[in-house]
Amino acid sequence: MADKKNNKRNNNKNMDEDYNPRFRKQRKKVCALCSDKNFVLDYKNPEQLRKFINDKGKILPRRTTGACAKHQRDITIAVKRARHIAILPYATKD
Ligand SMILES: [Zn+2]
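The structure presented is a predicted model; accordingly, all values stated were derived computationally and were not measured.

Caption draft 1: Region of the structure containing the overall build of the protein chain. Across its full length, the protein chain carries four helices and zero strands. In the protein chain, the succession of helices and strands from N to C terminus is α-α-α-α. Looking at the 94 residues of the protein chain, the share that counts as buried comes to 11%. A separation threshold of at least 6 residues defines the contact pool for the protein chain, and within that pool the share at least 24 residues apart is 65%.

Caption draft 2: Structural view of the confidence of the model for the protein chain. For the protein chain, the mean per-residue pLDDT works out to 84, and 72% of the residues sit at or above 70. Confidence scores differ between elements of the protein chain, with helix H1 (residues 32-35) showing the lowest mean pLDDT of 92 and helix H4 (residues 69-84) the highest of 97.

Caption draft 3: Structural detail: the nonpolar core. The biggest cluster of nonpolar side chains holds ten residues, and these are Tyr43, Leu49, Phe52, Ile53, Ala67, Ile75, Ala78, Val79, Ala82 and Leu88. With four residues, H4 is the single largest residue contributor to this core. Filtering out sequence-adjacent residues up to four positions away, Leu88 remains in contact with Pro46, Leu49, Ile53, Gly57, Val79, Ala82 and Arg83.

Caption draft 4: Structural detail: H4. With 16 residues, H4 should cover 22 Å at 1.5 Å per step; its first-to-last C-alpha distance of 23 Å lies within 8% of that length. The set of residues buried in H4 consists of Ile75, Ala78, Val79 and Ala82. Considered in projection along H4, the buried side chains sweep an arc of 100° and stay on one side of the axis. Facing away from the buried side of H4 by more than 90 degrees, the exposed set consists of Ala69, Lys70, Arg73, Ile77 and His84. Contact partners of the buried residues in H4: helix H2 (46-49) and helix H3 (62-65).

Caption draft 5: Representation of the environment of Lys44 within the structure. With respect to the helices, strands and loops of the structure, Lys44 is situated in the loop between H1 and H2. On the basis of neighbour counts, which here come to 11 C-beta atoms within 10 Å, the residue Lys44 falls in the exposed class. Each C-alpha atom of the pair Lys44 and Val79 lies 9.3 Å from the other, and the pair is 35 residues apart in sequence.

Caption draft 6: Just unusual backbone geometry, in detail. Positive phi outside glycine occurs at Ala86, with the angle close to 60°. Its place among the elements puts Ala86 in the segment after H4.

Conventions used here
- Residues numbered from 1 in each chain as written.
- Predicted model: local features only at pLDDT ≥ 70, side-chain atom pairs only at ≥ 80, totals over all residues.
- Helix = DSSP H or I, 4+ residues; strand = E, 2+ residues; numbered from the N terminus.
- Buried ≥ 20, exposed ≤ 12 C-beta atoms within 10 Å, placed from the backbone.
- Contact = placed C-beta atoms within 7 Å.
- pLDDT = per-residue confidence, 0-100.
- Core = buried A, V, L, I, M, F, W, Y, C linked by C-beta atoms within 7 Å.
- Expected span 1.5 Å × (residues − 1).
- Arc of directions from axis to C-beta.

Spelled out as structure tokens, the structure:
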């Protein structure tokens, strides 16, 4: 008769080899305002602020701009000021 006690399955032995490319390491972006000392964020300069908004006029997230938390706050304030004085749009029509 077969010895069924010793037929334990070992399903989880290859967990570490399950490489998922969705979670691969990406190169860390460097904050544009930290790296460039001469870069002065100006709410009266729409060409400069246009880099931080998308085509709909929305402010881009930090994962896209690469800015640090401090400078992302500055960017947000600058874009909102620019919108208030009608330099940048609040929203754009498709
Ligand atoms: Zn920064």
